[in-house]
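Geometric and topological summary
Each chain is listed here by its residues.
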Amino acid sequence: MRWLVRADASVTLGAGHIARCLTLARQARLHGAQVEFVCRDLAGALIPQIRQDGFTVHTLGAQEDDVQAVRAIAGSGAAVQWLVVDHYALDASWESRVQGAAASILVIDDLANRPHDCTALLDQNFWPDATARYQGLVPPHCLQLLGPAYLLLRDEFAQARATLQRDFTRMRRLLVNFGGADEPNVTCLALDALIALGATDIAIDVVIGAGNPHKAAVKQRLAVLPHARLHVQASNMAELIAQADLAIGACGSSTWERCFLGLPTVAVVLAENQRLAAQQLANEGVLVNIGALDAATPVALRSEVAALMNDPKRRAALGQRAMDIMPAQVADLAGILLKQG
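Across its full length, the protein chain carries 14 helices and 13 strands. In terms of C-alpha radius of gyration, the protein chain reaches 20 Å, essentially the compact-globule figure of 20 Å for 341 residues. Taking the principal axes of the C-alpha coordinates as reference, the protein chain spans close to 60 × 40 × 35 Å. For the protein chain, with 341 residues in total, the buried portion stands at 53%. With an accessible surface of roughly 14,000 Å², the protein chain has 50% of that area assigned to carbon and sulfur atoms. Looking at the protein chain, you have 29 positive and 33 negative side-chain charges, and the mean spots of the two groups are 4 Å apart.

Below is the structure:
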């Protein structure tokens, strides 16, 4: 069995597409599939991390034709069973042109803003109107895998949830995580808020990616917070989330990791594709939504974080509601696709 994954990461795109595709790739590998990635060689592309995980990566040059390259790679070995496409810049036009390169195409999306020509579509986000979101955007035969029941999470999260013990009467540890790249440097904004708050007696875990361009500025702020620790390209996110009592973070794919482990979050919208999800989750009582970057001032962050730190009942309500919208266990999505294909 051979799978191809077409996804990108960069300083501007973030790491979420690659992160969730890696989770699916690991699942597929457990079923005996040979998984290869096709990625553009962009700044912050995470290609070394993908290879470190044991997967082949075919790199595309800046001017290389996407469709021709994917078709050539697909035809260079055994037949491809699944082509997985996780890319906001690709749609039905691209997918139609690569038809025949693989027996089946899976699109991973959460925007529902463009048509797709695919065998199956995955949108793992929580949407009350999930079944209506892709009407008219996918072919009638398309298998729609919608909602957190199909959440792509690493095994460590299921293990952490099985032993999770939340105690919202305490406020001892805080997690700060704004994704792998954090180009606008919201991490430092959050740390400025914590410094102004005088949070010197709280353990603080700060997670950034290896390609974060603001590492020096982050370290400068951590020097003022005696119980703060920096984690670069952390491989133990489930452990860090399970240990934390409150998080400050982006409303991207890491949102679902925090929800699965019931961690209350003060969220900042870092991109337009996060806006609707943040609004919806705030309306559902799952998180506190600061809003877009222009609203994420140190003063606003300090105010919301201080309010939650001093309100254990509200933290408990947010954490419980976050877990309520999540499945009790993670689906074997690769197994579902193999049966479908």
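Now that the structure has been shown, we can carry on.
The volume enclosed by the second largest pocket comes to roughly 230 Å³. Along the walls of the second largest pocket sit Thr23, Arg26, Gln27, Leu30, Leu153, Arg154, Asp155, Ala158, Val330, Ala331 and Asp332, which together make up its complete lining. Elements with a minimum of two residues in the lining of the second largest pocket: helix 1 (16-30) and helix 6 (155-162). With 4 residues, the top contributor of residues to the lining of the second largest pocket is helix 1. Split into classes, the residues belonging to the lining of the second largest pocket amount to 5 nonpolar, 2 polar and 4 charged.

Owing to its 3.6 residues per turn, the α-helix aligns residues three or four sequence positions apart on the same side. Listed as buried for helix 6 are Phe157, Ala160 and Arg161. On an axial view of helix 6, the arc spanned by its buried residues comes to 100 degrees, and they lie on one face. In helix 6, those exposed residues whose orientation departs by more than 90 degrees from the buried face are Asp155, Gln159 and Ala162. Where helix 6 is buried, its residues meet helix 9 (237-243), helix 10 (254-260) and helix 13 (312-324).

It is worth spelling out the pairing of strand 10 (residues 228-232) at this point. Relative to strand 10, strand 9 (residues 203-208) runs parallel, the two being bridged by 5 bridges. From the neighbouring strand, Ile208 faces strand 10, where its bridge partner is Val232. For the segment spanning strand 9, helix 8 (residues 215-222) and strand 10, crossover handedness is right-handed.

Reading the values: rules and limits
- Residues numbered from 1 in each chain as written.
- Predicted model: local features only at pLDDT ≥ 70, side-chain atom pairs only at ≥ 80, totals over all residues.
- Heavy atoms only, no water.
- Helix = DSSP H or I, 4+ residues; strand = E, 2+ residues; numbered from the N terminus.
- Rg over C-alpha atoms; globule rule 2.2 N^0.38 Å.
- Buried < 20%, exposed > 50% of the residue type's maximum accessible area, 1.4 Å probe, protein only.
- Areas by Shrake-Rupley, 256 points an atom, 1.4 Å probe, with all protein chains shown as cover.
- Lys, Arg positive; Asp, Glu negative; His and termini not counted.
- Charge placed at Lys NZ, Arg CZ, Asp CG, Glu CD.
- 1 Å grid on protein atoms, 1.4 Å probe; cavity = no way out; pocket = protein on both sides within 12 Å on 5 of 7 lines; lining within 4 Å.
- Points joined across faces, edges and corners; volume = space filled by probe spheres on them.
- Nonpolar A, V, L, I, M, F, W, Y, C, P; charged D, E, K, R; others polar.
- Arc of directions from axis to C-beta.
- Contact = heavy atoms within 4.5 Å.
- Pairing = 2+ DSSP bridges.
- Right-handed = clockwise from strand over helix to strand, strands pointing away.

Fair warning: the whole summary comes from geometry, so function is off the table for now.
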